[in-house]
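# Chains, contacts and geometry: an overview
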Amino acid sequence: MKPVVAQFPLALRLVHWLMAALVIAMLFIGIGMVSTVSEMRTWLIDLHKPLGILILCLAALRACLRLTGRTPPLPDDLPIWQKAAAHASHLVLYALMFALPLVGWTMLSAGGYPIALFGTFHLPPLGPVDPMLFAILRRAHTLLALLLFVTILAHLGAALFHAWIRRDGVFRSMVPWR
Amino acid sequence: MNRITSTVLLRLALIGIIILAFTAGFAFAAGWLSPDRLGPADIVDSLQIHDGVHPGFRRAHAKGLCIEGTFLANGKGTALSKAQLFTPGDVPVIGRFSTGGGQPYAPDGRLVFHAIALSLTQANGEKWRMALDDTPIFLVATPLAFRDFQLATAPDPATGKPDPVRTADFLVHHPETRAFMDWIRDAPLPSSFANGTYYSINAFRFIDAAGETRHVRWSLVPETPFEALDKSTLANLPPDFLFEDVVQRLRQSPLRWHMMLTVAQPGDPVDDATKPWPADRPQVDVGTLTINRASAEENGPCRNITFDPLILPSGISPSDDPLLPARSGVYAVSLTRRDGEPVDPSAASKNPEIRRGAP
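Because the structure is predicted, anything quoted here is derived from the model rather than measured.

Another aspect to go through is the overall build of chain B. Looking only at helices and strands, chain B features nine helices and 10 strands. For chain B, the spread of C-alpha atoms along the principal axes amounts to about 95 × 60 × 40 Å. Sequence-distant contacts, at least 24 apart, represent 77% of the contacts inside chain B between residues at least 6 apart.

It is worth spelling out the pairing of strand 3 (residues 114-121) of chain B at this point. Residue and element names in this part refer to chain B. With respect to burial, strand 3 is a largely interior element, seven of its eight residues being buried. Here strand 2 (residues 89-99) runs beside strand 3; their pairing, made up of seven bridges, is antiparallel. For Phe97, the partnering residue across the bridge sits in strand 3 and is Ile116. Bridge count for strand 3 against strand 4 (residues 127-133) is seven bridges, and the pairing is antiparallel. In the strand pairing of strand 4, Ser119 is matched with Arg129. Once strand 3 ends, the chain turns through five residues before running back antiparallel as strand 4, passing Gly125 with a positive phi of about 95°.

At the interface, 32 residues of chain A touch 38 residues of chain B. When contributions to the side of chain A that touches chain B are tallied by element, the ones reaching two or more residues are helix 1 (10-33), helix 2 (40-68) and helix 4 (131-166) of chain A. The element that contributes the greatest number of residues to the side of chain A that touches chain B is helix 4 of chain A, accounting for 13 residues.

Looking now at the packing of helix 1 of chain A against helix 1 (residues 3-30) of chain B. Viewed as axis vectors pointing N to C, helix 1 of chain A and helix 1 of chain B meet at an angle of 35°, and their least axial separation amounts to 7 Å. Every residue of helix 1 of chain B that contacts helix 1 of chain A at Leu27(A), Phe28(A), Ile31(A) and Gly32(A) is listed here: Phe26(B), Ala29(B) and Ala30(B). Taken together, the residues of the contact of helix 1 of chain A with helix 1 of chain B sort by class into six nonpolar, one polar and no charged.

With that out of the way, let us pick up the pairing of strand 2 of chain B. Residues and elements named next belong to chain B. The buried fraction of strand 2 is high, at eight of 11 residues. In the sheet, strand 1 (residues 63-73) pairs with strand 2 via 11 bridges, with the strands oriented antiparallel. Each residue of the ladder has a partner; that of Gly69, found in strand 2, is Val93.

At a minimum axis distance of 8 Å, the contact between helix 4 of chain A and helix 7 (residues 323-339) of chain B shows a crossing angle of 110°. Our classification of the angle between helix 4 of chain A and helix 7 of chain B gives roughly perpendicular. Relative to helix 7 of chain B, the crossing made by helix 4 of chain A is left-handed. Here Pro131(A), Met132(A), Phe134(A), Ala135(A) and Arg138(A) of helix 4 of chain A come into contact with helix 7 of chain B, specifically with Leu335(B), Thr336(B) and Asp339(B). Residue composition of the contact of helix 4 of chain A with helix 7 of chain B, grouped by class: five nonpolar, one polar and two charged.

Here chain A shows a mean pLDDT of 92. Residues at 70 or above account for 97%. Within chain A, no element has a lower average pLDDT than strand 1 (residues 115-118) of chain A, which sits at 82, and none a higher one than helix 1 of chain A, at 97.

Here Ala358(B) and Pro359(B) are connected by a cis peptide whose omega angle stands at 0°. Relative to the assigned elements, Pro359(B) resides in the segment after helix 9 (352-356). Positive phi outside glycine occurs at Arg167(A), with the angle close to 50°. Among the secondary structure elements, Arg167(A) is positioned in the segment after helix 4.

Bringing helix 3 (residues 80-110) of chain A into the picture now. Residue and element names in this part refer to chain A. A rise of 1.5 Å per residue sets the reference length of helix 3, with its 31 residues, at 45 Å; its end C-alpha atoms lie 43 Å apart and thus fit the reference within 8%. What helix 3 keeps buried is the set Leu96, Met97, Leu100, Pro101, Val103, Gly104, Trp105, Thr106, Met107, Leu108, Ser109 and Ala110. Lining the buried residues of helix 3 we find helix 2, strand 1, strand 2 (121-123) and helix 4. Of the residues one or two after helix 3, Gly112 is the one with positive phi, at around 75°.

For chain B, the assigned domains read domain 1 (1-37) and domain 2 (40-356). A straight line from the C-alpha centre of domain 1 of chain B to that of domain 2 of chain B covers 48 Å.

About the thresholds
- Along each chain, residue indices are assigned from 1 in the same order as the chain's sequence is written.
- Whichever chain is written first becomes A and whichever ligand is written first becomes 1, with later ones labelled in order.
- Two thresholds apply to this predicted model, a pLDDT of at least 70 for residue-level local features and 80 or more for giving and counting side-chain atom pairs, whereas whole-chain, interface and lining totals are computed over all residues.
- Helix and strand definitions here come from DSSP, where helices need a minimum of 4 consecutive H or I residues and strands a minimum of 2 consecutive E residues; each element is numbered from the N-terminal end.
- The contact criterion used here is simple: two residues whose C-beta atoms, placed from the backbone, lie within 7 Å are in contact.
- To sort residues by burial, count the other C-beta atoms lying within 10 Å of each one's C-beta; a count of 20 or more means buried, 12 or fewer means exposed, and anything in between means partly exposed. C-beta atoms are built from the backbone.
- Any two strands between which DSSP finds at least two bridges are classified as paired.
- Angles shown run from 0 to 180 degrees and are taken between the N-to-C directions of axes, each axis being a line fitted to C-alpha atoms and, for helices, limited to the stretch in contact.
- Polar here means any residue other than Ala, Val, Leu, Ile, Met, Phe, Trp, Tyr, Cys and Pro, which are nonpolar, and Asp, Glu, Lys and Arg, which are charged; Gly is therefore polar.
- The cut-offs work like this: below 35 degrees is roughly parallel, past 145 is roughly antiparallel, 65 to 115 is roughly perpendicular, and the gaps in between are oblique.
- For any pair of crossing helices, the crossing counts as left-handed if the nearer helix is rotated counterclockwise from the farther one by less than a right angle, and right-handed if it is rotated clockwise.
- Per-residue confidence from the predictor is reported as pLDDT, a score between 0 and 100.
- Here the expected length of a helix is defined as 1.5 Å per residue gap, with one fewer gap than residues.
- Boundaries of every domain are those given by an automatic assignment or by a domain database.

What follows is the structure in structure tokens.
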């Protein structure tokens with residue numbers, strides 16, 4: 001008897017794929033913009049800040065959807081360590097979706113940078129101007145971004161493993177179609 | 001090998017290729033596959049090779065003094081930019097006087113940039129940061145040339161002095177730098193921070209209320225009458241004389257400069273800081289900078305400010321000058337490095353006269 005595969009709620013699936021595109025774009029923009037002094041740097045930074053705030057808002061929306069909606073269970077025959085890895089990596093992904101924009105925002109505040117989004121619209125500082133804090137958060141922002149990239153690769157690898165090797169419906173639970 | 005196993009292996013290989021492709025793309029974006037890509041850290045490294053590492057200090061213009069005051073606009077700037085601070089009225093200013101170079105203990109009596117950096121805060125919270133030098137032109141036109149200049153003129157470990165052969169070789173490849181060298185040699189050196197004229201170095205785009213864009217350079221022209229130093233006696237001057245002098249002047253009275261905007265005419269170079277604009281370009285006096293306080297840097301309000309020239313209010317935008325994104329990036333890397341380091345007061349801050357501040 002084939003198990004009936006439940007999917008995540010449609011809203012959550014749509015936010016997942018939208019954020020997947022945005023977060024991956026954001027990681028490439030972020031690591032690229034700090035690697036160069038060319039004119040690309042300026043417009044990538046101008047893109048990075050509003051995109052980061054958009055991701056923070058989407059992460060908040062997504063956390064609400066995830067906490068209120070029903071979550072399909074992992075297959076019963078999935079080894080316990082793979083279940084644990086799945087739960088832990090999802091927790092890390094959620095934590096970093098919040099942490100990276102918040103660290104970035106606090107970091108710019110600590111460095112005394114205005115947080116300009118577009119035109120004259122600015123965000124208020126999220127913390128004090130503090131040089132030591134800036135130095136710590138600036139490095140943390142890069143390290144957390146690298147951790148996010150590695151976790152996303154693991155997530156992608158696991159998703160494709162479910163889709164193509166185990167073929168157990170876990171990948172189907174997140175596809176945007178029925 | 002049966003067919004199921006080979007299909008599984010093929011699929012596993014495909015997953016591996018996809019993961020690898022993402023990793024390779026990321027490595028490319030990060031510049032890890034492009035050793036020739038010039039990043040801000042490469043330029044900061046070259047400054048450190050040139051001047052050594054002085055923990056806690058800015059990697060360029062290391063020796064400085066915090067200043068405070070106001071900018072009072074007369075309203076004429078609104079014809080060129082919709083930035084709020086050009087409307088009549090005043091905005092608070094935090095700034096910094098500094099001398100060029102990355103050595104916080106260097107004596108002031110050198111043929112060196114005198115510089116002023118400012119952070120103006122508009123009523124709507126937007127900031128305009130700028131870092132100006134007392135030379136109307138810059139020594140190089142591109143970030144790469146700047147890095148190469150630092151490396152070519154770095155002290156030779158054997159002699160402690162720059163290798164004249166390497167310097168000469170740089171100048172052969174960068175004739176544009178000669179104009180700057182000649183200027184530094186021939187132009188009279190101001191006797192004080194108070195009587196120097198400071199220049200924006202780069203051009204910027206000014207956008208007016210109608211949306212029209214013009215390229216503008218600006219300068220700060222002192223009310224204090226100009227006096228020149230005798231370049232032959234520089235070495236005999238007290239090591240902190242420039243900073244002592246300006247603190248003493250500020251105890252007597254505020255110091256004032258006029259902000260003069262110069263609009264580019266067709267054909268004027270707007271993306272090359274090594275080329276001056278013709279001297280007859282009309283200038284508009286848009287307001288008065290008044291400096292009335294000074295304080296030693298390690299506890300002063302300017303210590304944590306990065307005078308990043310790309311922090312601009314709405315109404316002013318960067319030009320296509322390639323030095324601008326480099327200045328922004330280099331200052332950010334310098335801030336990250338120095339902020340993580342323990343602070344040792346600079347020579348200027350240890351000087352009791354400067355510690356007392358003004359008023």
